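Structural features, examined
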2 protein chains.
Amino acid sequence: MQNDETFGGQVDTQHFWRDLQHQVCIGALPGGGLGRLALDDNDIRARQWLIDEGHKLGCQTFYDLIGNVYLRREGLDPQLPPLLIGSHLDSQPCGGAYDGTLGVVAGLAVLRTLHEQNISHPRSIEVVSWTNEEGARFAPGTPGSAWFAGKRELEEILPLCDDSGTTFGDALAHCLSVLGDSNAIDRPDSFTPHAYLEVHIEQGPILDASGLPVCAVSGIQGVNWYRFELVGVANHAGTTPMEMRYDALMAAHTLISELKSVIERTAVQHQDNQLRFTIGKFALAPGSVNTIADRATFSVDLRHPKAETLAVIDAEFQQLAQQLWEGCEATLHVSSRVPPVAFDEDIVSLLERSIEQYAPGAPRLVSGAFHDAIHIAHLCPSAMLFVACRDGLSHHPDEHVEEQDAAPAVRVLAQTAFELLHQ
Amino acid sequence: MQNDETFGGQVDTQHFWRDLQHQVCIGALPGGGLGRLALDDNDIRARQWLIDEGHKLGCQTFYDLIGNVYLRREGLDPQLPPLLIGSHLDSQPCGGAYDGTLGVVAGLAVLRTLHEQNISHPRSIEVVSWTNEEGARFAPGTPGSAWFAGKRELEEILPLCDDSGTTFGDALAHCLSVLGDSNAIDRPDSFTPHAYLEVHIEQGPILDASGLPVCAVSGIQGVNWYRFELVGVANHAGTTPMEMRYDALMAAHTLISELKSVIERTAVQHQDNQLRFTIGKFALAPGSVNTIADRATFSVDLRHPKAETLAVIDAEFQQLAQQLWEGCEATLHVSSRVPPVAFDEDIVSLLERSIEQYAPGAPRLVSGAFHDAIHIAHLCPSAMLFVACRDGLSHHPDEHVEEQDAAPAVRVLAQTAFELLHQ
C-alpha cells in the first residue's frame with residue numbers, strides 16, 4: 001500500500017501486532033494458545049492491562065456493574081453519543097490467541113492513532129471489553145453485552161455457577177474490587193452509543209480459502225437447536241426378523257434422510273447456500289452390539305440469516321416429528337431459538353467502501369457464530385469486520401491469524417471509526 | 001390330544017411344569033424373573049437340586065472339570081455312546097425363568113417318564129446342565145459346552161474375571177468343592193455322545209406370532225461383528241459452509257444407507273429373509289451440539305445361516321470401507337466372526353415327524369441366538385427344539401412361556417429321545 005493518506009493508513013499496525021502478542025501472554029498456555037476464563041485472575045489482569053494502556057493514551061477508563069471495561073477518548077462535543085468499538089478478552093479453556101482479543105486490541109490501535117496524530121473529533125469514542133463472551137466458565141455467554149443492551153438482567157446472571165461451584169456474582173465481586181483499586185472509574189449505567197463496530201476473526205474458512213484478509217459482516221445467523229428422539233422396541237439382534245423390528249437407529253437414519261432432503265430442497269428453492277445443518281450429538285440406547293436400539297436421540301443445529309427461512313424449516317421439522325419412522329414414534333424438543341440479526345446497512349456499506357482499498361471484491365459474510373454485536377445491534381446501528389484465520393480454526397490453541405491479514409482489518413476499522421466520529 | 005399312545009404322550013407334563021416353577025425359585029428376583037449368575041450360590045444350589053432330582057429317578061450323577069452336571073440313566077448296553085440332552089441353569093442378572101432352565105427340566109421329564117414307565121433301552125441317556133451359558137458373569141459364554149466339545153481349553157477359561165475381580169477358576173473351585181460333598185461322582189473327562197438334543201425358548205417372536213407352540217431348529221446363524229469408524233474434521237457448526245465440511249455424522253449416514261442397500265440387494269438376490277443386520281452402538285465425537293463431528297463409530301451385527309452369504313456381504317463391506325464417505329476416511333474392524341452351524345438333518349427330521357402331531361405346519365427355524373448346541377454340533381449329530389415365548393421377549397423378568405406351549409415341546413423331546421435311544 002503506497003501513500004495511504006487516509007486515517008486508516010496512519011495506523012501503526014506493527015505496534016498493534018506487538019500489543020496483541022504481548023496481551024495474550026496473560027493466561028498463555030504452556031503448549032500454546034490461551035486459557036483465560038471469564039473473571040479468572042488472568043482475565044482480571046487482562047482488564048488491568050487494558051486500563052493501563054488507556055491511561056497511556058490519555059483516555060478516561062470506566063467499568064460498569066458487570067465488569068465491562070471502557071476506554072474513553074473525549075470528543076469536542078461531550079453531548080453527542082459516543083462511537084463504541086469492542087470485543088472480549090476472555091477465552092475458551094484451551095482457546096486461541098485471537099478470538100476476541102484481536103478486536104479489543106484493534107480498538108486500542110484506533111485510540112492510539114487518534115492520540116499520536118493528536119486528532120480532535122466532534123464525537124467521543126469508547127473501546128469496550130465485554131465480560132464473559134465465551135460462556136465457557138459461566139454459561140450462557142455474552143452476559144456483558146446482553147446486560148449493556150438491556151437484554152438480560154443482573155439478577156439472572158449473578159447466580160450462574162462455574163464447575164467448581166463459584167457463582168458469577170462472587171467472581172464478579174472480586175473482579176470489581178480489583179478494578180476499584182485501579183484508576184478506573186465506577187460507572188454503573190449503560191448508555192446508547194451512536195454506533196457499534198466489532199472486529200473478530202472469522203472462525204470459519206471462507207476468507208482463508210479465498211485469500212482475502214478482511215470482509216464486512218452483514219448480520220448474525222439465527223440459530224435453532226432441536227433434539228429429536230425416536231422410541232422403538234429393544235430386541236435380540238439375532239432372533240428378531242427384520243420385518244418385525246422397531247429399530248430406533250433405523251428410524252433415526254430414515255428421519256435424518258428426510259431432514260437432509262428438507263434442507264437441500266429449501267436451499268434449491270431459495271437458491272441459497274447460507275443454510276447450516278449440523279447433527280453434532282447422537283446417542284443410542286441401550287447401546288449394545290447385539291441388541292436392537294429402543295431409543296435414538298440426536299441434536300440438530302440449524303442456522304440461517306433469515307427468520308422466515310428458519311420458520312419454514314421449523315414447520316417442516318415439526319410436521320416430520322408427527323410421523324412414525326420405521327414404526328417408531330418421534331418427538332421433537334426445541335432447545336432454543338435465537339433469531340437472526342441484520343446489521344445496519346449504512347455502516348456495512350461504510351466498512352465496505354474502506355475494505356475495497358485493502359481487499360477488493362471481498363464478500364459480505366453473515367456470521368455463523370454469536371458475537372457481542374448480536375445484542376448491541378438492538379441498541380444502535382452496528383456492524384462487524386471479519387479477519388481471515390487459518391483453516392477457519394478457532395477455540396483451539398492452533399488458531400492462527402497472519403499479521404498481514406490483521407493489519408488491513410485494523411486500518412478499515414480505524415478509517416470507518418474516523419468517519420463515524422465525524423458524523 | 002386324545003389317546004396319545006406314543007412315549008412322548010406318556011410324559012406327565014404337569015409334573016414337568018411344577019418342577020420348572022419350583023426350580024426357578026432358586027435365585028428368583030423379588031420383582032419377578034431370575035438372577036442366577038454362573039457359579040454363584042444360587043447357581044450351585046440349582047446344580048444340587050438337579051443332582052437330588054437325578055437320584056430320586058435312580059440316575060447316576062456326575063460333574064466334570066468345568067462344573068457341568070450330568071444325570072445318567074444306564075442303557076442295556078453301556079458300551080453304546082449315550083444320548084445327551086441338555087441346556088443351562090444360569091441366567092442373566094435380571095433374566096427370565098425359562099431361558100435355559102426349561103431345557104434342563106425338560107430333560108429331567110424324559111428321565112422321569114423312562115423311570116416311571118420302567119422302560120429299558122439299549123443306549124444310555126444323560127441330561128446335562130452346562131456351566132455359564134450366558135456369559136453374563138464371566139464373558140464369553142458357553143465355556144461349559146465349548147470345553148466339553150474340545151473347542152476351548154480350561155487354561156483360557158479359568159483366568160476370566162467377573163466385575164468384582166473373582167476369577168472363573170476361583171468360583172469354579174468353590175462350586176466343585178460343594179459338588180464333591182454331594183453324592184455326585186467326579187468324572188473329569190468329556191465323551192462323544194450318540195446325539196445331542198436341546199430344548200430352548202425361541203427368544204424371538206416368530207412362533208408366538210404364528211400361534212404355534214414348538215418347532216425344530218435346523219441350525220444356528222453365523223454372526224459377524226464389525227466396527228466402522230469414519231474420521232472427518234471437527235469444525236464450527238455456524239461458520240463452516242455445508243460444502244466445506246468433512247462431517248463424520250453425515251459420512252456415517254451415507255455409509256449406513258449403502259450398507260442397508262447391500263443387505264436389501266442380497267436379500268432380494270437370494271430370495272432370503274434370514275439376514276439380520278443391526279446397528280446397536282453408535283458414537284459421535286466430540287459430541288457437541290454446535291460442533292461438526294470429526295469421528296463417528298458404529299457397530300454392525302450381521303447374521304445369516306449360510307457362511308457363503310456372510311462371506312459375500314463381508315467382501316462388500318470391506319470394499320465400501322475403502323471409499324471416502326462425504327470426504328471422510330472409513331475404517332472397518334472385524335470384531336469377531338462366528339461361522340454358522342447346520343444341525344443334523346436326520347435328527348431335525350426326526351424332531352419334525354413328532355412335531356407334526358402337536359404343531360402341524362410348524363416352520364423350521366434357524367436360531368438367531370447362540371446356544372450350547374453350537375459347540376456340541378461339532379462333536380455329534382445335534383438339533384434343537386424351540387418353544388414359543390411371549391412377544392419373543394427374553395433376558396428380561398417378563399420373559400414368559402405358556403404351559404400349553406411347553407408341554408408339547410417336552411413330548412416331542414421325549415418321543416425323539418425314545419427313538420434315538422433305540423437306534
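These numbers were taken from a predicted model, which means no experiment stands behind them. (Residues numbered from 1 in each chain as written. Chains lettered and ligands numbered in written order. Predicted model: local features only at pLDDT ≥ 70, side-chain atom pairs only at ≥ 80, totals over all residues. Heavy atoms only, no water.)

1. Some remarks on the UniProt feature "binding site: Zn(2+) 1" (unreviewed entry) in chain A
All names here are of chain A. Feature annotation in UniProt assigns "binding site: Zn(2+) 1" (unreviewed entry) to the following positions: His88, Asp99 and His200. These residues run over 113 residues, yet every pair of their C-alpha atoms falls within 9.5 Å of each other. The annotated residues contributing to the lining of the largest pocket are Asp99. Structurally, the position occupied by Asp99 is in the loop between β3 (83–88) and α3 (101–116). For Asp99, the contacting residues outside a window of four places in its chain are His88, Asp90, Glu134, His200, Ile201, Gln203, His395 and Glu399. One polar contact links Asp99 to His88, side chain to side chain, over a distance of 3.3 Å. On the secondary structure map, His200 appears in strand β6 (residues 195–201). A relative accessible area of 1% places His200 in the buried class. For His200, the contacting residues outside a window of four places in its chain are Ser87, His88, Asp99, Gly100, His371, Met384, Leu385, Phe386 and Val387. Reaching out from His200, the side chain makes a polar contact with the side chain of His88 at a distance of 3.5 Å. (UniProt positions renumbered as here; feature names shortened; annotations may be inferred. 1 Å grid on protein atoms, 1.4 Å probe; cavity = no way out; pocket = protein on both sides within 12 Å on 5 of 7 lines; lining within 4 Å. Helix = DSSP H or I, 4+ residues; strand = E, 2+ residues; numbered from the N terminus. Contact = heavy atoms within 4.5 Å. Polar contact = N/O pair within 3.5 Å; in protein donor to acceptor, adjacent residues only side chain to side chain. Buried < 20%, exposed > 50% of the residue type's maximum accessible area, 1.4 Å probe, protein only.)

2. Description of the relation of the copies chain A and chain B
Mapping one chain copy onto the other needs a rotation about an axis and a shift along that axis. In the superposition of chain A on chain B (RMSD 0.1 Å, axial shift 0.0 Å), the rotation amounts to 180°. Between the two chains, the operation in question is that of a two-fold axis. When the interface residues of chain A are mapped onto chain B, 98% of them again fall at the interface, so both copies present the same face. (Least-squares fit on C-alpha atoms with pLDDT ≥ 70 in both.)

3. With respect to unusual backbone geometry
The peptide bond linking A:Ala139 to A:Pro140 adopts the cis configuration, its omega dihedral lying at 0°. On the secondary structure map, A:Pro140 appears in the loop between β4 (125–130) and α4 (143–148). In this structure, A:Pro286 follows A:Ala285 across a cis peptide bond, with omega equal to 0°. Relative to the assigned elements, A:Pro286 resides in the loop between β11 (282–285) and β12 (291–292). If you check the backbone angles, A:Asn132 has positive phi at about 55° while not being a glycine. Position of A:Asn132 among the secondary structure elements: in the loop between β4 and α4. At B:Thr142, a residue that is not glycine, the phi angle is positive and equals roughly 60°.

4. Digging into the pairing of strand β1 (residues 60–63) of chain A
Where a strand is regular, its side chains alternate between the two sheet faces. Residues and elements named next belong to chain A. Sheet topology note: the β1/strand β2 (residues 69–73) ladder contains 4 bridges and is antiparallel. Residue Thr61 lies in a different strand from β2, and its bridge partner there is Leu71. Remark: 5 residues form the turn of the hairpin made by β1 and β2, two consecutive strands paired antiparallel; Gly67 in that turn has positive phi of roughly 90°. Pairing analysis gives 2 bridges linking β1 to strand β5 (residues 185–186), with the strands arranged parallel. Residue pairing for β5: Tyr63 is matched across the bridge by Asp186. (Pairing = 2+ DSSP bridges.)

5. Quick word on the interface of chain A and chain B
Facing 49 residues of chain A, the contacting portion of chain B comprises 49 residues. At the boundary of chain A with chain B, total buried surface from both sides reaches about 4200 Å², with 62% on carbon and sulfur atoms. Interface area lost by chain A to chain B is led by A:Thr239, A:His253 and A:Val289, which between them contribute 15%. Put simply, chain A and chain B have 0 salt bridges between them. Those elements that place two or more of their residues in the side of chain A that touches chain B are α7 (206–210), β9 (235–236), α8 (248–269), β10 (276–278), β11, β12 and β13 (295–304) of chain A. (Buried area = accessible area lost by both parts, 1.4 Å probe. Salt bridge = Lys/Arg side-chain N within 4 Å of Asp/Glu carboxyl O.)

6. Overview of the layout of surface pockets
Computed from the structure, the largest pocket encloses a volume of approximately 1300 Å³. Lining the largest pocket we find 39 residues, and of these A:Glu134, A:Trp225, A:Arg303, A:Phe370 and B:Asn290 sit closest to its centre. Secondary-structure elements contributing two or more residues to the lining of the largest pocket are β8 (222–231), β15 (328–338) and α11 (373–376) of chain A together with β9 (235–236) of chain B. For the lining of the largest pocket, the class distribution of residues is 16 nonpolar, 17 polar and 6 charged. The volume enclosed by the second largest pocket comes to roughly 950 Å³. (Points joined across faces, edges and corners; volume = space filled by probe spheres on them. Nonpolar A, V, L, I, M, F, W, Y, C, P; charged D, E, K, R; others polar.)

7. Considering the pattern of salt bridges
Across all of its chains, the model carries 32 salt bridges over all chains by this definition. Ionic pairing is found between B:Asp162 and B:Arg137, a salt bridge with its closest N-O pair at 2.8 Å. Linking B:Asp162 in the loop between α5 (154–157) and α6 (168–181) with B:Arg137 in the loop between β4 (125–130) and α4 (143–148), this pair joins segments that are 25 residues apart in sequence. Taken as a pair, B:Asp162 and B:Arg137 share a single burial class, namely buried. Taken together, the shared-partner salt bridges in this structure form one network comprising A:Asp19, A:Glu53, A:Lys56, A:Arg112 and A:Glu116.

8. Looking at the UniProt feature "binding site: Zn(2+) 2" (unreviewed entry) in chain A
All names here are of chain A. UniProt marks Asp99, Glu134 and His395 with the feature "binding site: Zn(2+) 2" (unreviewed entry), using the numbering shown here. For the annotated residues, spread through 297 residues, the largest C-alpha to C-alpha distance comes to 9.7 Å, consistent with a single compact locus. As for the annotated residues named above, the ones lining the largest pocket are Asp99, Glu134 and His395. Topologically, Glu134 is positioned in the loop between β4 and α4. Looking at Glu134, the relative accessible area reads 13%, which means it is buried. Not counting residues up to four positions away in its chain, the partners in contact with Glu134 are His88, Asp90, Ser91, Gln92, Asp99, Gly141 and His395.

9. Digging into the domain arrangement of chain A
Residues and elements named next belong to chain A. Domain annotation of chain A identifies domain 1 (8–220 + 340–421) and domain 2 (222–338). In this assembly, 7 residues from domain 1 lie in contact with 10 residues from domain 2. When the buried surface of domain 1 facing domain 2 is broken down by residue, Pro340, Val366 and Phe370 rank first, second and third, together holding 72% of it. Between the two partners, domain 1 and domain 2, sit 0 salt bridges. In this assembly, domain 1 and domain 2 are joined by 1 residue pair in polar contact (both at pLDDT 80 or more). Residues that form the side of domain 1 that touches domain 2 fall into these classes: 6 nonpolar, 1 polar and no charged. (Domains from an automatic or database assignment.)

10. Side note on the packing of aromatic side chains
Evaluation of the coordinates by the stated rule reveals 31 aromatic pairs over all chains. Both rings, one in A:Tyr70 and one in A:Phe148, keep their centres 6.1 Å apart while their planes meet at 40°; by these two values the pair is tilted. Of the two residues, A:Tyr70 is situated in strand β2 and A:Phe148 in helix α4; the sequence distance between them amounts to 78 residues. On the basis of relative accessibility, which here comes to 1%, the residue A:Tyr70 falls in the buried class. With centroids separated by 6.3 Å and ring planes inclined at 55°, the aromatic side chains of B:Phe16 and B:Trp17 adopt a geometry described as tilted. (Phe/Tyr/Trp six-rings, centres within 6.5 Å; stacked < 30°, edge-to-face > 60°.)

11. Some remarks on the environment of B:His253
Note that B:His253 resides in helix α8 (residues 248–269). For the pair B:His253 and B:Val233, spaced 20 residues apart in sequence, the C-alpha separation works out to 16 Å. Residues contacting B:His253, with those up to four places away along its chain left out, are A:His253, A:Ile256, A:Ser257 and A:Lys260.

12. Focus on the packing of α8(B) against helix α9 (residues 307–320) of chain B
Helices that pack against each other are described as a pair by the angle of their axes relative to one another and the distance between those axes. Residues and elements named next belong to chain B. Look at α8 against α9: their axes get within 11 Å of each other, and the N-to-C directions meet at 155°. Classed by the angle they form, the pair α8 and α9 counts as roughly antiparallel. The hand of the α8/α9 crossing is right-handed. Between α8 and α9, the residues in contact are Leu255, Glu258, Leu259, Val262, Ile263, Arg265 and Thr266 and Thr309, Ile313, Glu316, Phe317 and Leu320, respectively. (Axes fitted to C-alpha atoms, helices over the stretch in contact; angles between N-to-C directions. Parallel < 35°, antiparallel > 145°, perpendicular 65-115°, else oblique. Left-handed = near helix turned anticlockwise from the far one by under 90°.)

13. Focus: the side chain of B:Arg187
Residue and element names in this part refer to chain B. For Arg187, the position within the fold is in the loop between β5 (185–186) and β6 (195–201). With a relative accessible area of 16%, Arg187 lands in the buried category. Here Arg187 is in contact with Phe62, Tyr63, Asp64, Tyr70, Arg72 and Glu126, once residues within four sequence places are set aside.

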